[in-house]
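Commentary on secondary and tertiary structure
Chain by chain, the residues run as shown.
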Amino acid sequence: GVLMAMGTSTEPIVFTSGASLEGGTSEPGDWSGIRMEGGEGVNSGTLRYARVEYGGDGDAGLRLNDIDEATTIEFIQVYRGSADEPGAEIRGGNVHISNLYISECENTSLNFRSSDSEFTGS
């Protein structure tokens, strides 16, 4: 599939815990997070002006697996990730990420892990 999530600077898209939506108290690790899969020459979509909150239940709040430069990742905030997983994780690929802000995560903010290919993006 292709993720098309295009917020604006004044109206960002917020991916968050169900507890937030139900008026409860959100905690890091309330849900998994956003995971994008790619491959060479594959456009996995656009993630622009978005915030990923309270992720990290079994996966990084934002995980990019072999995402190619045809995909757009810009103006992203990862907020309050869990102690069990990094806030964001990049595994291989050639994506160019612009303005990634990771804050208040209980574990590593950003992690690069090996995959079938090395990360060569920027």
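Look up: the structure comes first, before these words.
**Looking at the packing of aromatic side chains**
Counting across every chain of the model gives two aromatic pairs. Between Y49 and F75 the ring centres are 4.4 Å apart and the planes differ by 0°, which places this aromatic pair in the stacked class. Highlighted residues: Y49 in strand β4 (residues 45-53) and F75 in strand β6 (residues 72-79), separated in sequence by 26 residues. The class for F75 is partly exposed, based on a relative accessible area of 33%. Measuring from ring centre to ring centre gives 5.9 Å for Y54 and Y79, while their planes differ by 75°; the resulting arrangement is edge-to-face. Remark: Y79 occurs in strand β6 and Y54 occurs in the loop between β4 and β5 (62-67); sequence separation between them is 25 residues.

About the criteria used
- Every chain is numbered on its own, with residues counted from 1 as its sequence reads.
- Totals for whole chains, interfaces and linings use every residue, but because this is a predicted model, local features are given only for residues with pLDDT of at least 70 and side-chain atom pairs only at 80 or more, for both listing and counting.
- To obtain the side-chain values, all non-hydrogen atoms of the structure were used and water was disregarded.
- Stacked, tilted and edge-to-face pairs are distinguished by plane angle, under 30 degrees for stacked and over 60 for edge-to-face with tilted covering the rest, among Phe, Tyr and Trp rings (Trp via its six-membered ring) whose centres lie within 6.5 Å.
- Every helix listed is a DSSP run of H or I at least four residues long, and every strand listed is a run of E at least two residues long, numbered separately from the N terminus.
- For every residue, the accessible area obtained with a 1.4 Å probe (protein chains only) is divided by the maximum for its type, and the residue is called buried under 20%, exposed over 50%, and partly exposed between those limits.

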